[in-house]
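Summary of structural features
Residues per chain are reported as follows:
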Amino acid sequence: MDILKKSQRRAKRLLEGSSMKGFSVRCFTYSMNIDSELTLPLMEWLYSYLFMFPECVTVKDWWSAEFRERLTEFLADINRTEVTGKDIDSTRVDVMFADGISAEFMQKKEICSAGIDMWMPTMHTLPFVEKPILGAKGALRILDDVFRLIQRSLYH
């Protein structure tokens, strides 16, 4: 629990500092193409913590009916029910959450400003340091990736 509180304080301090410097991801858009049911918790966190909005979510055939229902309810609550019917590469977004190869491909096609690797890294970006996607360290890693890649796309 101590690690979680420490991570929350660090993230809050950095987020507040970035918005004072004129940079914020609030109201940024994203697409999501993740194979696991991690999709919904990640979407809920992106919306509640960063106020980011989904533009496209790829629904997988193997997701349970219960999970699909919860996803539909969440999307209805934020008035984004149309996002599950869109083609992932038809809408320009700020951030793409996908496997490493797809994320990099979409970034190169300029479908997104930042492609975030949520699964297998590409051959060009083999990480030797762990890149968690769950828990407090995962949240900080995702925040770091989003901010770093968005800033890079804005200033380069």
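Above: the structure in question.
First things first, this report covers the structure right here in the doc. (Residues numbered from 1 in each chain as written. Predicted model: local features only at pLDDT ≥ 70, side-chain atom pairs only at ≥ 80, totals over all residues. Heavy atoms only, no water.)

1. Overview of the sheet that holds strand E2 (residues 53-57)
With respect to topology, 4 strands assemble into an open sheet ordered E2-E1-E3-E4, the strand pairing being parallel. Across the chains shown, the open sheet's two edge strands, defined by having one partner strand only, are E2 and strand E4 (112-117). Between one strand axis and the next, the sheet turns through 25° on average, direction left out of account. In terms of strand pairing, strand E1 (residues 29-32) meets E2 through 4 bridges, oriented parallel. Residue methionine 32 lies in a different strand from E2, and its bridge partner there is valine 57. Taken strand by strand, helix H2 (residues 39-50) contacts E1, E2 and strand E3 (93-98), and its axis lies near 175° from that of E1. (Pairing = 2+ DSSP bridges. Helix = DSSP H or I, 4+ residues; strand = E, 2+ residues; numbered from the N terminus. Axes fitted to C-alpha atoms, helices over the stretch in contact; angles between N-to-C directions. Contact = heavy atoms within 4.5 Å.)

2. Notes on the pattern of salt bridges
Counting across every chain of the model gives 6 salt bridges. Across the pair glutamate 55 and lysine 86 runs a salt bridge whose closest N-O atoms are separated by 3.1 Å. You can see glutamate 55 sitting in strand E2 and its partner lysine 86 sitting in the loop between helix H3 (65-77) and E3, a full 31 residues away along the chain. In this structure glutamate 55 comes out as buried when scored by relative accessible area, which is 15%. On the basis of relative accessibility, which here comes to 29%, the residue lysine 86 falls in the partly exposed class. The closest approach of N and O atoms between aspartate 89 and lysine 109, which form a salt bridge, is 3.4 Å. Here lysine 109 lies in the loop between helix H4 (100-108) and E4 and aspartate 89 lies in the loop between H3 and E3, a separation of 20 residues in the sequence. According to the relative accessible area criterion, aspartate 89 is partly exposed, its value standing at 29%. The partly exposed category is assigned to lysine 109, whose relative accessible area is 38%. (Salt bridge = Lys/Arg side-chain N within 4 Å of Asp/Glu carboxyl O. Buried < 20%, exposed > 50% of the residue type's maximum accessible area, 1.4 Å probe, protein only.)

In short, geometric facts, not functional conclusions.
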